[in-house]
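Structural overview for review
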Amino acid sequence: MIERENFDMKYDLLLKGGQVFTEGRLQEADIYVKDGVIAQIGKDLEEADAEKVLTVDGDYVLPGFIDPHVHLNDPGLTNSEDFYTGTCAAAAGGVTTVLEHPLTAPLPATEDAFVSKRKIGESKVVVDFALFGACAPDNERSMKKIIDSGAAAFKTFLPYSSEIPMLSDNQVLDKMRFLSDKDIVLAIHCENNDIVEKSTARMQELGKTKFSDYPDGRPAIAEIEAVSRMCLFAKVTGCKINIAHCSLAEAVDVVEQNKREGVNVSVETCPQYLLFDRSTLDSWREFSICNPPVREAEDVENLWNRLFDGKIDWVCSDHSTYTIEEKMAGGGNPFGTPAGIAGIQHTYQLLFSEGVVKRGLPLEKFVELSSSNAAKRYRLYPQKGLIAVGADADFAILNPDKEWIIRKEDLKQMIKWTPYDGMTLRGKVEKTIANGREVYDGEDVLARPGSGRYLTPLPE
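Keep in mind that this is a model prediction, so the values were computed, not measured. (Residues numbered from 1 in each chain as written. Predicted model: local features only at pLDDT ≥ 70, side-chain atom pairs only at ≥ 80, totals over all residues. Heavy atoms only, no water.)

Quick look at the confidence of the model for the chain
This is how it is decided: What pLDDT expresses is the predictor's confidence in each residue, scored from 0 to 100. The contact definition used throughout considers only heavy atoms, calling two residues in contact when any of these lie within 4.5 Å.
In the predicted model, the chain carries a mean pLDDT of 96, and the fraction of residues at 70 or more is 98%. The low-confidence segment residues 1-7, where pLDDT is below 50, has 10 contacts with residues more than four positions distant or belonging to other chains.

Shown next as structure tokens:
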């Protein structure tokens with residue numbers, strides 16, 4: 001227990017009666033919060049010393065979840081999501097920090113666009129946020145200024161996207177060489193564009209346009225080859241990279257082998273790759289289309305095995321929502337459907353229910369996958385990603401026994417759809433505390449727009 005120096009001080013908040021995950025395990029403890037920071041952890045702390053008391057009745061008090069891969073569409077694409085609605089959904093899912101990726105208009109590939117986006121975020125968010133900068137041809141000078149403005153990382157795409165320039169191999173190498181001494185991560189969407197384009201064209205020529213045909217247009221080899229190539233580039237340049245939204249155990253194995261060889265590489269996956277397979281696609285149709293696509297049932301099990309083996313660094317939502325009209329624009333052809341799944345509100349509750357409850361994932365591994373590993377990779381730790389004196393008072397308060405059903409009517413995001421609609425889960429976020437503020441009470445988001453903070457990486 002930490003002793004207080006001033007017995008007359010009033011704490012802002014007391015969390016009472018929780019099972020707190022601290023020092024690597026659950027402990028029955030109370031928590032005092034002062035000025036948004038954890039001030040004391042101990043048993044039987046006095047209610048009279050706190051301005052506000054929240055009794056959590058034995059629920060798990062976990063480090064606030066960190067979602068390091070979200071698309072909130074702000075600015076420029078705010079007909080389907082923005083910083084306010086997206087972070088409201090985050091808060092309702094126990095997420096206290098989001099790392100927002102750069103698929104917005106204008107693209108944050110210049111200092112002005114990046115700073116403008118940051119200011120928009122600061123005016124709207126209800127939880128803390130950090131920003132990725134965008135890689136564009138010949139923008140290294142701007143990238144240095146973006147780093148100086150506090151970028152958490154950069155993002156590039158290997159396959160074609162209408163929302164961000166596709167870089168050639170030589171351009172990617174140039175970016176990695178530039179970033180190699182900057183102590184910042186380059187996140188990469190890894191699919192071989194040539195294989196994807198040819199495979200997609202072939203499927204359409206053959207008339208194979210059922211939703212369950214979609215994975216054959218973006219086959220496994222396209223992802224595995226691209227991951228292998230990027231690991232080689234990172235090995236040669238010394239750049240820190242992250243393999244975004246990995247869907248295949250074979251690609252994870254490539255990363256693991258490169259880690260053993262000293263390459264500075266991490267890998268993430270998403271709940272859709274742990275829960276859905278090809279057979280899901282004809283049921284959820286447009287709303288289950290994402291890139292890379294969901295794979296075979298065997299791939300799902302293999303990916304879970306890699307997660308249990310500690311070979312996946314974290315789980316993220318890759319939250320990417322569209323209007324219903326945008327999602328239906330393909331007219332029933334999956335190859336004309338914009339790719340993206342809405343999941344920020346449920347990612348870590350899904351991981352808890354499917355991983356901890358159903359499969360026996362140890363709680364310490366869950367905490368690593370939902371907060372601490374991403375915090376360490378993106379230099380937010382130990383401000384974020386743990387419960388300890390001096391850390392930010394960010395908590396996901398979760399009832400581990402509560403069974404509930406995901407309903408689209410309860411979504412806090414702007415557009416009310418998710419492929420997880422109707423799923424029954426065990427383990428529900430009952431409250432979310434961000435910087436010592438109750439931002440979600442189990443039903444409603446309580447925080448005002450602009451109450452979250454912009455985060456920059458901590459110095460080494």
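Considerations on the pattern of salt bridges
Note the threshold: One speaks of a salt bridge when a side-chain nitrogen belonging to Lys or Arg is within 4 Å of a carboxyl oxygen belonging to Asp or Glu. Secondary structure elements are taken from DSSP: a helix is a run of H or I of four residues or more, a strand is a run of E of two residues or more, and numbering for both begins at the N terminus. A simple rule labels every residue: compare its accessible area, found with a 1.4 Å probe on the protein chains alone, to the largest value its type can have, and call it buried under 20%, exposed over 50%, or partly exposed in between.
A full pass over the atoms with the stated rule returns 36 salt bridges. We note a salt bridge from Glu-368 to Lys-365, for which the minimum N-O separation is 3.2 Å. Of this pair, Glu-368 and Lys-365 both sit in helix 14 (residues 363-377), separated by 3 residues, roughly a single helical turn. Taking the shortest distance from any N to any O, the salt bridge between Asp-392 and Lys-384 comes out at 2.9 Å. For the pair Asp-392 and Lys-384, a shared accessibility class is recorded, and that class is buried. Overlapping salt bridges bring together Asp-128, Lys-384, Asp-392, Asp-394 and Arg-453 as one network.

Concerning the packing of helix 7 (residues 220-237) against helix 8 (residues 249-260)
Heads up, the rule is: For helices, the fitted axis covers only the stretch in contact; all axes are lines through C-alpha atoms, and the angles between them, taken along N-to-C directions, range from 0 to 180 degrees. Here roughly perpendicular refers to angles of 65 to 115 degrees, roughly parallel to angles under 35, roughly antiparallel to angles over 145, and oblique to all remaining angles. The crossing is said to be left-handed when, going from far helix to near helix, the turn is anticlockwise and less than a right angle, and right-handed when the turn is clockwise. Each residue gets one label: Ala, Val, Leu, Ile, Met, Phe, Trp, Tyr, Cys and Pro are nonpolar, Asp, Glu, Lys and Arg are charged, and the others, such as Gly, are polar.
Their axes nearest at 9 Å, the elements helix 7 and helix 8 cross at an angle of 15°. Between helix 7 and helix 8, the crossing angle belongs to the class labelled roughly parallel. Pair helix 7 / helix 8 crosses with right-handed handedness. From helix 7, Glu-223, Ile-224, Val-227, Ser-228 and Cys-231 reach across to helix 8, where they touch Glu-250, Ala-251, Val-254, Val-255 and Asn-258. Per-class residue counts for the contact of helix 7 with helix 8 are 6 nonpolar, 2 polar and 2 charged.

Side note on the layout of surface pockets
Note the following rule: Of the grid points, spaced at 1 Å and generated over the protein atoms alone, those admitting a 1.4 Å probe that cannot get out make up cavities, while open sets with protein on both sides within 12 Å along at least five of seven lines make up pockets; any residue with an atom within 4 Å of a point is treated as lining. Grid points are joined across faces, edges and corners, and a volume is the space filled by probe spheres set on the points.
Estimates place the volume of the largest pocket at around 700 Å³. Along its surface, the largest pocket is lined by 31 residues, and Tyr-160, Ser-161, Arg-218, Asn-291 and Ala-339 are the ones closest to its centre. The set of elements that each furnish at least two residues to the lining of the largest pocket consists of strand 6 (65-71), strand 9 (153-157) and helix 5 (193-205). Considered class by class, the residues forming the lining of the largest pocket number 13 nonpolar, 13 polar and 5 charged.

Here we look at the sheet that holds strand 13 (residues 314-315)
Rule in force here: Pairing between strands is defined by DSSP: at least two bridges between the two strands are required.
Taken in spatial order, the 9 strands make up an open sheet running 13-12-11-10-9-8-7-6-14, and their pairing is parallel. Strand pairing shows two members of the sheet lacking a second neighbour, strand 13 and strand 14 (319-320), which therefore form its edges. Running at roughly 170° to strand 11 (residues 240-243), helix 7 makes contact with strand 10 (185-189), strand 11 and strand 12 (265-269) of the sheet.

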